[in-house]
Every structure is written in C-alpha cells, then in structure tokens.
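Residue-level listing of the chains:
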Protein chains: 2
Amino acid sequence: MAYRVATLDKLIEQWERLPGIGHKSAVRLAFAVLAMPEEQGKAFVDAIVDARSNIKECAICCNLTDGEQCSVCSAPDRDTSVICVVEEPRDVLAFERTREFHGSYHVLHGTISPMDGIGPEQLRIKQLLTRIANEDVEEVIMATNPTVEGEATAMYISKLLKPFGVKVTRLAYGIPVGGDLEFADEVTLRRSLEGRSELL
Amino acid sequence: MAYRVATLDKLIEQWERLPGIGHKSAVRLAFAVLAMPEEQGKAFVDAIVDARSNIKECAICCNLTDGEQCSVCSAPDRDTSVICVVEEPRDVLAFERTREFHGSYHVLHGTISPMDGIGPEQLRIKQLLTRIANEDVEEVIMATNPTVEGEATAMYISKLLKPFGVKVTRLAYGIPVGGDLEFADEVTLRRSLEGRSELL
C-alpha cells in the first residue's frame, strides 16, 4: 500500500482549490501549515475565521470593511463628488497605493459576463445608481479592467448614468511605465498613440 | 485617510508568513479566502485545524500520519529490509509517486545544519539506529537532498551505520545538484533510484 494520510490529503485538496495554487504549491503550503509552531498556526486560522466572519460590504461603496462603513467612506477628507468604479476590492488597494486619488470608490464585485452567467443584477450597480441619485456626484471614473468584460461593463453602466447628467470618464490606455515598447501589443500601442499628449 | 481594514491587514500579514508567498500573492489569497462560499470556507479552516491536531509522527519511521503507524509501516506488502532515509515528509510523497520503491522510509525531519543551530540530536537519527538494531535491515538508502547539508547528513549517518554491517547506498546523481527533491519529476527520481551506489 502506498503512503496515504487521509487528513493530509484533505488538507492538500483544500489548498488546491485556491486560485493559482497547483498541486506542488498545495503540498508545500500544506506542509508549511503543519509545521507552524502552535502560536503561529492559531494566529493563521484565527485571522481567516475572524476575517470571514467580521468583514462585510460597506453600506455606501460596497467595498470590504469590518465596520458599518469603510475607512474611505467614513473619512472626512475624501472627495465624495468623484466616484471611482472598480471591479474588485483589491483594485481599491491598487489605487490607494498610488496616493494620487482622493475621491471615493464603488466596488462592483465582478463584471457582466454572460458566459459565466453573471448579469448586471449580480453586481452592485443598483447601489451605485442610488448613490448618484442621492449624493452630489460630479464625476464617475470607470476603472474596470481593460478586458472585454470590463469594457462591456463600463459601457453598460455609462449608459445607465446618462439620465443623471453626471460626467463619466474612463482610465487612459497606454504603455505601462517602465515597460518596453518592443513587448507592447498592437492594440495598446494604437491606443497610446491615439491618446498622445503634447510635451510642454 | 486611506483605505484600511484591520482584520484584512491581519489576514494578509498571516498569508505573507507562508513560504514562497509574497505580498501580491498574499493579497490575492486573502481575498480568495474571503470570497469562499460558507461551506468551502469552513472546509478549508477545518482541514487545517484537523490536520494540525491529528497528524503526528509514525512510531516507526517518524513520517507524518493520523494513526499510530503510517500506512507504509503498517502495510504487509512493503519490504522492511530496505529503508529509504529522507529529510522531510514531502519527500516520501515524491518517492511514492514513482511507484518504483516498495521498501520502507525513515524521515529525519531536517538536516544537520550548524548554521541554523540544528545538530544530529534534533533529527530522528536515534530512531533510525534503533530500527536498524532491532529490525532485519539489509540496506539503507540515503535519500537526503543533493545539497551541502543533505550530503553532510548522509555522510554522518553512514558513518554511524558502519558498525551495524548494513549496506548503505546513496541516490545516483540523476537528481540535479543543488536542487530540491520535492520538485524532481518522476522519471528523474526513478533513474536516481535505479542508479543508486554504495557509500564506502
């Protein structure tokens, strides 16, 4: 009989269900979790359980928070007249790292994707419309991903926003800073040409 | 104020402590764990807690098991006259995948590494000597990693085994020097088993 530990197999199996984790990584991580000292093992499990039970969606922007409102929506120094619409909570983290954006966010929690059976009603679009109807919003920046689904979702929402008379913008396309022109794809290069600006 | 969720920061921090997981992977995995449906989230945490509390070392070979003896040591069809000595439990999984080895194992749980303050007494060497003194062992295959520490540990143990008159062999260099057994493919491992040589 080969070497089998049912409890271990189950653990490895659970790790394999995580995105981007193949079998070898799952084995490595399962053993790492087993080898953790008592205190670290407890801290790891507690962090997961705590986060899963305490983190919910912000009542305003639908971003993840452990309070009633997220720290952006409850901060007095953020500009609530500008809403940056993103697909996922991790996109908010990416924008916050730029330290450049001082407006508020709205997290859709996905994109419209008929292939995956995700329609507009599964996203937080209704909550966005409610905000725009009730708050004093001047600009909505559509910051969904530059993918087919992201573009379609941005177009869909911008049409819904038309009647509100609010300004709707889209993130600029172009070559990534620090990147190499040689490796840029045609579509990106074309977009960056179209969006070129004058050097002053 | 920037976007901060203390519970989420703590979760990301815990993920970053895992080997080979950088900040971006930690963020991705933390959000994946948060997004798990109720049932999957519970299964994931349960698998970790169960494994950590139930898995212990086999009374014979020191490999991980959730019983008293591991499934290799308690199997009637394994050849107990050959012991394959490995560093870590994951190395046993690698050998079992070759379906080529039908002997038993002995897991050292590390290598002698003075730099990290790990001496022979921290490894399961005493248990190996006890087995060889009491069981009818004909051959010990030193299957530690082809690293400086792995080689040194193999040499150290082979010297200890001299008085027992048991044949001590070493895996052939089919395994890439400086590599890690865990990542070796089945064919390479099989070749290195076939070409094993005696340590003199």
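Residues numbered from 1 in each chain as written. Chains lettered and ligands numbered in written order. Predicted model: local features only at pLDDT ≥ 70, side-chain atom pairs only at ≥ 80, totals over all residues. Heavy atoms only, no water.

**Examining helix H6 (residues 148–161) of chain A**
Residue and element names in this part refer to chain A. A rise of 1.5 Å per residue sets the reference length of H6, with its 14 residues, at 20 Å; its end C-alpha atoms lie 20 Å apart and thus fit the reference within 8%. Gly150, Thr153, Ala154, Ile157, Ser158 and Leu161 are the residues of H6 that are buried. Taken around the axis of H6, the buried residues stretch over an arc of 130 degrees, which confines them to a single face. Exposed side chains of H6 directed beyond 90 degrees from the buried face belong to Val148 and Lys159. (Helix = DSSP H or I, 4+ residues; strand = E, 2+ residues; numbered from the N terminus. Expected span 1.5 Å × (residues − 1). Buried < 20%, exposed > 50% of the residue type's maximum accessible area, 1.4 Å probe, protein only. Arc of directions from axis to C-beta.)

**Quick look at the pairing of strand S6 (residues 167–170) of chain B**
In this sheet, S6(B) lies alongside strand S5 (residues 139–142) of chain B in parallel orientation, the contact comprising 4 bridges. Opposite Met142(B), over in S6(B), you have Arg170(B) as the bridge partner. (Pairing = 2+ DSSP bridges.)

**A few points about a nonpolar patch on the surface**
On the surface, Ile175(A), Leu181(A) and Leu189(A) cluster together into a nonpolar patch covering about 250 Å² of accessible area. With respect to the element layout, Ile175(A) can be found in the loop between strand S6 (167–170) and helix H7 (186–194). (Patch = residues over 30% accessible without salt bridge, like charges linked within 9 Å, V, L, I, M, F, W, Y side chains within 5 Å. Areas by Shrake-Rupley, 256 points an atom, 1.4 Å probe, with all protein chains shown as cover. Salt bridge = Lys/Arg side-chain N within 4 Å of Asp/Glu carboxyl O.)

**Some points on the sheet that holds S6(A)**
Residues and elements named next belong to chain A. Taken together, the 4 strands give an open sheet; going across it, the order is S4-S3-S5-S6, and neighbouring strands pair in parallel fashion. In this open sheet, the two edge strands, each paired with only one partner strand, are strand S4 (103–107) and S6. Adjacent strand axes in the sheet meet at a mean angle of 25 degrees, parallel and antiparallel pairs treated alike. With 4 bridges joining them, strand S3 (residues 79–86) and strand S5 (residues 139–142) adopt parallel strand pairing. Among the inter-strand pairings, valine 82 is bridged to a residue of S5, identified as glutamate 139. Contacting S3 and S4, helix H4 (residues 89–98) runs over the sheet at an angle of about 160 degrees to S4. The strands touched by helix H5 (residues 125–134) within the sheet are S3, S4 and S5, with S4 carrying the most contacts at an inclination of about 150 degrees. (Axes fitted to C-alpha atoms, helices over the stretch in contact; angles between N-to-C directions. Contact = heavy atoms within 4.5 Å.)

Without other data, these values stay purely geometric and don't point to any function.
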